[in-house]
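What follows is each chain in one-letter form.
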Amino acid sequence: MRARRRRRALALAGATIGIALAGCARKGPPSGGPPDITPPFVVSTSPESGAAHVPLNAALSITFSEGMEPRTSGGAVALAPRIDIRQRRWSGRTLTVTLGQPLKPAQTYAFFVGASAHDRHGNAMAAPKAIVFSTADAFPPGVIEGTLEARGFDAAGTYLWVYADPRLPDSTARDFDALGVADAQGRFRIVGLGLPGRYRVWAFADLNTNLSYEPDKDVLAGADTVLSLTREHPVARDIRLRAVNPRAKAVVRGAVVDSTGDTLGVVRVVAISTSDSTRRVMVDAGARGAFELQLDAGTWRVRAWRDDDRNRIWRTDVEPASAVREFTLTPADQVTDVTLRLRRVLQGP
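Quick caveat: nothing in here was measured; it's all calculated off a predicted structure. (Residues numbered from 1 in each chain as written. Predicted model: local features only at pLDDT ≥ 70, side-chain atom pairs only at ≥ 80, totals over all residues. Heavy atoms only, no water.)

> Which parts of the structure should I look at to understand the overall build of the protein chain?
Helix and strand counts for the protein chain stand at two helices and 22 strands. Nonlocal contacts in the protein chain, meaning residues at least 24 apart in sequence, comprise 67% of its contacts between residues at least 6 apart. Summed over all atoms, the accessible surface of the protein chain reaches about 19,500 Å², with 52% contributed by carbon and sulfur. (Helix = DSSP H or I, 4+ residues; strand = E, 2+ residues; numbered from the N terminus. Contact = heavy atoms within 4.5 Å. Areas by Shrake-Rupley, 256 points an atom, 1.4 Å probe, with all protein chains shown as cover.)

Encoded structure:
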C-alpha cells in the first residue's frame, strides 16, 4: 500500500515538472525569425570578370549570396555571343552550366544573370550581373563608360549593348560585341572591347525580364554618335545616353490653393483631353491641396474645383473653381509645382 502511494506521488511530481517545463517553453521567442527581404547577389564567378586565356572547354559557374529558386534563376543565366546552355546543375548556392558547344578562340564573352533570378523566398536580384571574359591571350582593353538617363523606367539593371558599327541589334541573337549594366544612378562601364574599333551603344530595358527585346513591352534606344576607340585612346568617358519608355505616363503634380474659406465637399482636379473630351482623369486633392495626375501623351486641359455636393460634376454656376491650365505632354514628362487657385463664382446682379 505504502509503495503504491509512493509511486503515485512520484508520477504526480513528474507531471508537475512536465507542465512547468512546457510553460517555460511557451515563453521562448517565436520560431522562424524575421522574414527574408534581402535581394540576393552574385558572390563569385568562374571565370572572373576580366579574365583572359580562358580555356575553350572551361566550366562556367556562379555562386550567389544565398539559396536560389533553381528553375527561374537557372533560366536567367545566358552567354553572349550566344551559345546554348545544355545543362544547368546546382550545388547549394552555386550554379554550374554545361555549354552545347566549346567556346571560340580569341573571343570575348559576357556571362550574365538576368533580373528574373530570385532566391527561395521570392526576392529578385537588385540588378542583373554581367561577367566579361576572353579566350584570347590578353583581355581586350577598350572601355566605354557613361550615364544613362532613363525616362519612364528605372535605370538600374538596364543593359548596355555595344555593336561594332554599322551592325545593328538583333532582338534575340544576343550577338553584341560587349555588354554592360547600369546601376541605380544610371552609371555604366562596358569593358572588353577590341582595338581599334568603332562602336555604338544601345540601352535595352528588359521590362518583362525575358532577355529578348519586344517592341510593345521593352525599351531599346541607341546613342546618336559612333565612338572610335584606338590603342592611343582606348577609353571613351562621359557618354550620355537617353532612353524614354514610349508607354510611360506623364505626370502633372502640384497643389490646389483654396482661399474661399469653404469647408463643404471635396477639392478635385480633372484633366480633359483636347482631342477627345470623353477622356478624363480625375483625382482628389490630398493634404494641403496636393495632387498628382498621371496622363497619356497629348494635350490636356486641367482644372480644380470644390465638389460641394460630391457628385463628381462641376456645377459651373455655384461651385468654386480654378482657371484652366493647358499642358502638352510627351511620354514620361514630369511637370511639377503647378498651382491651381480656387475662386468663387461671380454672381450676377
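> Before we go on, may I ask you to explain the sheet that holds strand 6 (residues 108-113) in this structure?
In a beta sheet, neighbouring strands pair by backbone hydrogen bonds and run either parallel or antiparallel. Here we have three strands laid out as an open sheet, ordered 3-6-7, and antiparallel in their pairing. Among the strands making up the open sheet, the edge pair consists of strand 3 (77-80) and strand 7 (129-134). For this sheet, the mean inter-axis angle between neighbouring strands, taken without regard to orientation, is 20°. (Pairing = 2+ DSSP bridges. Axes fitted to C-alpha atoms, helices over the stretch in contact; angles between N-to-C directions.)

> Any chance you could explain unusual backbone geometry here in plain terms?
Glycine aside, a negative phi is what most residues show, and trans is what most peptide bonds show. Put simply, Ser46 and Pro47 share a cis peptide bond, and its omega is 0°. The topology assignment puts Pro47 in the loop between strand 1 (42-46) and strand 2 (60-64). In this model, Asp165 is joined to Pro166 through a cis peptide bond whose omega is 10°. Its place among the elements puts Pro166 in the loop between strand 9 (159-164) and strand 10 (178-181).

> Got a minute to help me understand the nonpolar core in this structure?
Looking at soluble globular proteins, one finds that nonpolar side chains tend to be buried together. Ranked by size, the top nonpolar core spans 25 residues in total, and within it Ile144, Leu148, Leu160, Val162, Ile190 and Val201 carry the most contacts. Elements with a minimum of two residues in this core: strand 8 (142-151), strand 9, strand 11 (187-193), strand 12 (197-205), strand 13 (219-222), strand 14 (227-229) and strand 15 (235-244). Those residues in contact with Leu148 that sit more than four places away from it in its chain are Ala155, Thr158, Ala182, Gln185, Gly186, Phe188, Ala203, Leu241 and Ala243. Formed by 24 residues, the second largest nonpolar core is a distinct cluster that contains Met68, Val77, Ile85 and Phe133. (Core = buried A, V, L, I, M, F, W, Y, C linked by side-chain atoms within 4.5 Å. Buried < 20%, exposed > 50% of the residue type's maximum accessible area, 1.4 Å probe, protein only.)

> What am I meant to see in the sheet that holds strand 11 here?
Ordered by their spatial adjacency, three strands build an open sheet running 11-8-15, and the pairing between neighbours is mixed. What marks the edges here is a single partner per strand, and that holds for strand 11 and strand 15. Pairs of neighbouring strands in the sheet enclose a mean axial angle of 30°, with direction left out of account.

> Before we go on, may I ask you to explain the side chain of Ser73 in this structure?
By secondary structure assignment, the location of Ser73 is in helix 2 (residues 70-75). A polar atom in the side chain of Ser73 sits 2.9 Å from the backbone oxygen of His118. With near-sequence residues (within four places) excluded, Ser73 lies in contact with Met68, Trp90, Ala117 and His118. (Polar contact = N/O pair within 3.5 Å; in protein donor to acceptor, adjacent residues only side chain to side chain.)

> Would you take a moment to explain the pairing of strand 6 for this structure?
Across the six residues that make up strand 6, a large majority, six, are buried. Looking at chain direction, strand 3 and strand 6 are connected through four bridges and run antiparallel. The residue of strand 6 that forms the bridge with Ala80 is Ala110. Where strand 6 meets strand 7, six bridges bridge the pair, whose relative direction is antiparallel. Across the sheet, the residue bridging to Phe111 is Ile131, located in strand 7.

> Looking at this model, I keep getting lost on the packing of aromatic side chains. Mind explaining?
Geometry of an aromatic ring pair is reported as the spacing of the ring centres plus the angle between the planes. Counted by the stated rule, this structure contains eight aromatic pairs. With a centroid separation of 6.2 Å and 90° between ring planes, the pair formed by Phe204 and Tyr213 is classed as edge-to-face. Assessed through its relative accessible area of 1%, Phe204 is described here as buried. Exposure remark for Tyr213: the relative accessible area of 21% places this residue in the partly exposed category. (Phe/Tyr/Trp six-rings, centres within 6.5 Å; stacked < 30°, edge-to-face > 60°.)

Any functional reading would require information that these geometric values do not contain.
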